[in-house]
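# Examining the three-dimensional arrangement
In case you want the letters, here they are:
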Amino acid sequence: MRGPDVPPRPLDARALAALAANPGCRRRALLDGAGVDKAALARALGTPAAFGQSQFAIARGNAFEARVKADGGTELVRLLHAALPAGQAPEPPDAVDAPDLSAAGPEGRTARTALALREATAAGRWALLDHPMLALTVAGTPAYLEPDAVVVHPDGTWTVVEIKSFAMIDGAADAAKAGAAARQAAVYALALETVAERLPGPAPEDGRVRHEALLVCPKDFSNLPAAALLDLRKQRATTRRQLGRLTRVEEIAAALPPGASFAPDRPAAELTAAVEAVDAAYAPDCLAACELAFHCRDRARAEGDVRHLGRNVRSGLGGLTTVEAALAAARGDHPSDAAELPSDASDRPSHAAEPPDGPEDPAVAALRRAAALRAEALAAAGFPKEEADACR
Ligand code: SF4
């Protein structure tokens, strides 16, 4: 599907976190599962997206991470120890274990990581696994994930470490960026759980994989590291549930027309037909999470699907699923097409299954009231009556 000469784009934690945030999007699930380069596809469709980190930001992030780990991980483990509640773990020594994780290919590196985790846990000492490789099967597709680091505690528990280049000012990081980091860390934690399940012997009471990840960022715009714990409990539960809801990519692919291809060298019209053959669930959040956002937004707007206006508007409109239906309700017309466009029941508000039937529907009543108030305001402002009435 991605083209005979196109290498697969590996799924990473950022992509899995985005999938978990929008599990109703079969389009993204299929394209990510098939390893399609969505940025190249968006360009070929004529809707390129300025998406992802700049080369400068990537280089800055790599330089900061190298600096944080320059002493073999001792400073990183100290930061973790300092962030933990007092007395929860023994002081780290002057040097921590740092097992060699090199191996051939992602499968080899995953096996080497699992062995290193087992040995470090059995040793009962602080250890830092630098860029371990973890595997997680999502919607029938294996994904290989590479967290910045995993720390093994002397009590046999494991902490995911995320090193980011955005600043932590006065001990607090930007909430949106910290939230994105937590979603990625939750994906790593789920992958670590699959390793923990295969470990012999009883697990610690609260689980082998700790509920908090360590976020390390530059301190107050300096090059010095600052660290804080990120609570992953909610993110882990949500991500586990959402990834479990994803339709298997084989099922989605089976519904494609024969010969459908997403190879970026195909004509734009052919690519558009292939992309449109798979249901999407566009929401404004896609703009920050998916390379196809501009294409899907254009389509959602053209179809009048209210989902492109955001979750709040969508849930506020209840069973009114199109802009046309909402306008008809505001005018007092019968919203005959209100139940159209239910392309994905899982992405709809719970009360959306039943079409609204008239002014007793709360969404319809609110729209009519809003339209009446607007018309009154326009009339009071001196707009001609016909124009004000036309707004109703
Ligand atoms: S931009 Fe399109 S393909 Fe990407 S997640 Fe949103 S709806 Fe799905």
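Residues numbered from 1 in each chain as written. Predicted model: local features only at pLDDT ≥ 70, side-chain atom pairs only at ≥ 80, totals over all residues. Heavy atoms only, no water.

### Topic: the sheet that holds strand S1 (residues 127–130)
Strands sit in the order S1-S4-S5-S8-S9 across an open sheet of five strands; the sheet is mixed. What marks the edges here is a single partner per strand, and that holds for S1 and strand S9 (225–231). Along the sheet, successive strands turn relative to each other by an average axial angle of 25°, direction set aside. Examined bridge by bridge, strand S5 (residues 158–163) and strand S8 (residues 212–218) share three bridges and lie parallel to one another. (Pairing = 2+ DSSP bridges. Helix = DSSP H or I, 4+ residues; strand = E, 2+ residues; numbered from the N terminus. Axes fitted to C-alpha atoms, helices over the stretch in contact; angles between N-to-C directions.)

### Structural notes on the side chain of Arg208
By the element assignment, Arg208 lies in the loop between helix H7 (175–197) and S8. Here Arg208 sits buried without a salt bridge, and the closest side chain of opposite charge, Asp155, lies 7.1 Å off (N-O distance). In this structure the side chain of Arg208 is engaged in a polar contact, spanning 3.5 Å, whose partner is the backbone oxygen of Pro202. (Buried < 20%, exposed > 50% of the residue type's maximum accessible area, 1.4 Å probe, protein only. Lys, Arg positive; Asp, Glu negative; His and termini not counted. Salt bridge = Lys/Arg side-chain N within 4 Å of Asp/Glu carboxyl O. Polar contact = N/O pair within 3.5 Å; in protein donor to acceptor, adjacent residues only side chain to side chain.)

### Some points on the confidence of the model for the protein chain
Confidence in the prediction of the protein chain, expressed as mean pLDDT, is 87, and 91% of residues score 70 or more. Note on residues 335–357: pLDDT under 50 across the span, and 48 contacts to partners over four residues away in sequence or across chains. (pLDDT = per-residue confidence, 0-100. Contact = heavy atoms within 4.5 Å.)

### Topic: the pattern of salt bridges
The tally for this structure, following the rule as stated, stands at 20 salt bridges. In this structure, Lys69 engages Asp130 in a salt bridge whose closest nitrogen and oxygen atoms are separated by 2.5 Å. Of the two residues, Lys69 is situated in the loop between helix H4 (55–68) and helix H5 (74–83) and Asp130 in strand S1; the sequence distance between them amounts to 61 residues. Exposure remark for Asp130: the relative accessible area of 37% places this residue in the partly exposed category.

### Points about the site of the ligand
All residues in the neighbourhood of the ligand are listed as Asn22, Cys25, Arg27, Arg28, Ala280, Ala281, Tyr282, Cys286, Cys290, Leu292, Ala293 and Cys296. Those elements giving two or more residues to the shell around the ligand turn out to be helix H2 (26–33) and helix H11 (293–303). Partitioned by chemical class, the residues of the shell around the ligand number nine nonpolar, one polar and two charged. (Near = heavy atom within 4 Å. Nonpolar A, V, L, I, M, F, W, Y, C, P; charged D, E, K, R; others polar.)

### Some words on the packing of helix H1 (residues 13–21) against helix H8 (residues 233–245)
Following both chains from N to C, one finds H1 and H8 inclined at 80°, their axes separated by 8 Å at the closest point. Between H1 and H8, the crossing angle belongs to the class labelled roughly perpendicular. Where H1 approaches H8, its residues Leu16, Leu19 and Ala20 are matched on the opposing element by Thr239, Gln242 and Leu243. Tallied by class, the residues present in the contact of H1 with H8 amount to four nonpolar, two polar and no charged. (Parallel < 35°, antiparallel > 145°, perpendicular 65-115°, else oblique.)

### So, the environment of Asp130
Linking Asp130 and Pro147, residues 17 residues apart in sequence, is a C-alpha distance of 8.3 Å. The residues contacting Asp130, other than those within four sequence positions of it, are Lys69, Leu101 and Asp148. A polar contact of 2.5 Å, which involves the side chain of Asp130, links it to the side chain of Lys69.

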